[in-house]
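# Results of the structural survey
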Amino acid sequence: MTDVQDTEPGSSEFLLQSLGVPYLWGGRTAWGLDCSGLAQLHAGKDEHGRSRLPRDADQQQAATHPVEVPQAGDLAFFPGHVGVMLDERRIIHANATHMAVSIEALGEGAYGRRLQAELSGYGRLRERA
């Protein structure tokens, strides 16, 4: 597997290459990712080499521009959790339910319905807003 840090942040290739990476609380590498680590890597770095997003999901939500209708690359927020939208319904996220990075369709299946019910909003990275 390619190290997720070696692919272009923000690209669908980066996100899809992270699929199946084990869930690891605090993780930000191909050895393991957590939800906010995946979102941070997705956002990339600024011109000073610093992450464009803070580390925790609640801080990430505060650092993004709220949007009503998500697009690919937007973040979806839940209590204590974040995922990256692949389109208007599907998210990719590192989660302890599957203990890996997986794709869910919001509102579909038991887990997708639970995520939809807990959704607290969508956010767009400020440079993309």
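Residues numbered from 1 in each chain as written. Predicted model: local features only at pLDDT ≥ 70, side-chain atom pairs only at ≥ 80, totals over all residues. Heavy atoms only, no water.

Now for the confidence of the model for the chain. Taken over all residues, the pLDDT of the chain has a mean of 91, while the share at 70 or more is 90%. Here residues 1-7 scores under 50 on pLDDT; set against residues more than four positions off or in separate chains, the count is 20 contacts. (pLDDT = per-residue confidence, 0-100. Contact = heavy atoms within 4.5 Å.)

So, about helix H2 (residues 35-43). Of all nine residues in H2, nine are buried; the element is thus mostly enclosed. All buried positions along H2 are accounted for by Cys35, Ser36, Gly37, Leu38, Ala39, Gln40, Leu41, His42 and Ala43. Directly after H2, the chain includes Gly44, whose backbone phi takes a positive value near 80°. (Buried < 20%, exposed > 50% of the residue type's maximum accessible area, 1.4 Å probe, protein only. Helix = DSSP H or I, 4+ residues; strand = E, 2+ residues; numbered from the N terminus.)

Here we take up the sheet that holds strand E5 (residues 81-85). The pairing of strands in a sheet comes from backbone hydrogen bonds and takes either a parallel or an antiparallel form. Overall, antiparallel pairing links the six strands, which are arranged E3-E8-E4-E5-E6-E7 in an open sheet. The open sheet has two edge strands with one neighbour each: strand E3 (65-67) and strand E7 (100-105). Ignoring strand direction, the axes of neighbouring strands in this sheet form an average angle of 35°. Two strands pair when backbone bridges link them, and E3 and strand E8 (residues 121-124) are joined in this way by three bridges, in the antiparallel orientation. The residue of E8 that forms the bridge with Val67 is Tyr122. H2 contacts strand E4 (75-78), E5, strand E6 (90-95) and E7 of the sheet and is inclined by roughly 40° relative to E5. Where helix H4 (residues 109-118) meets the sheet, it contacts E4, E6 and E7, and its direction lies at approximately 95° from that of E6. (Pairing = 2+ DSSP bridges. Axes fitted to C-alpha atoms, helices over the stretch in contact; angles between N-to-C directions.)

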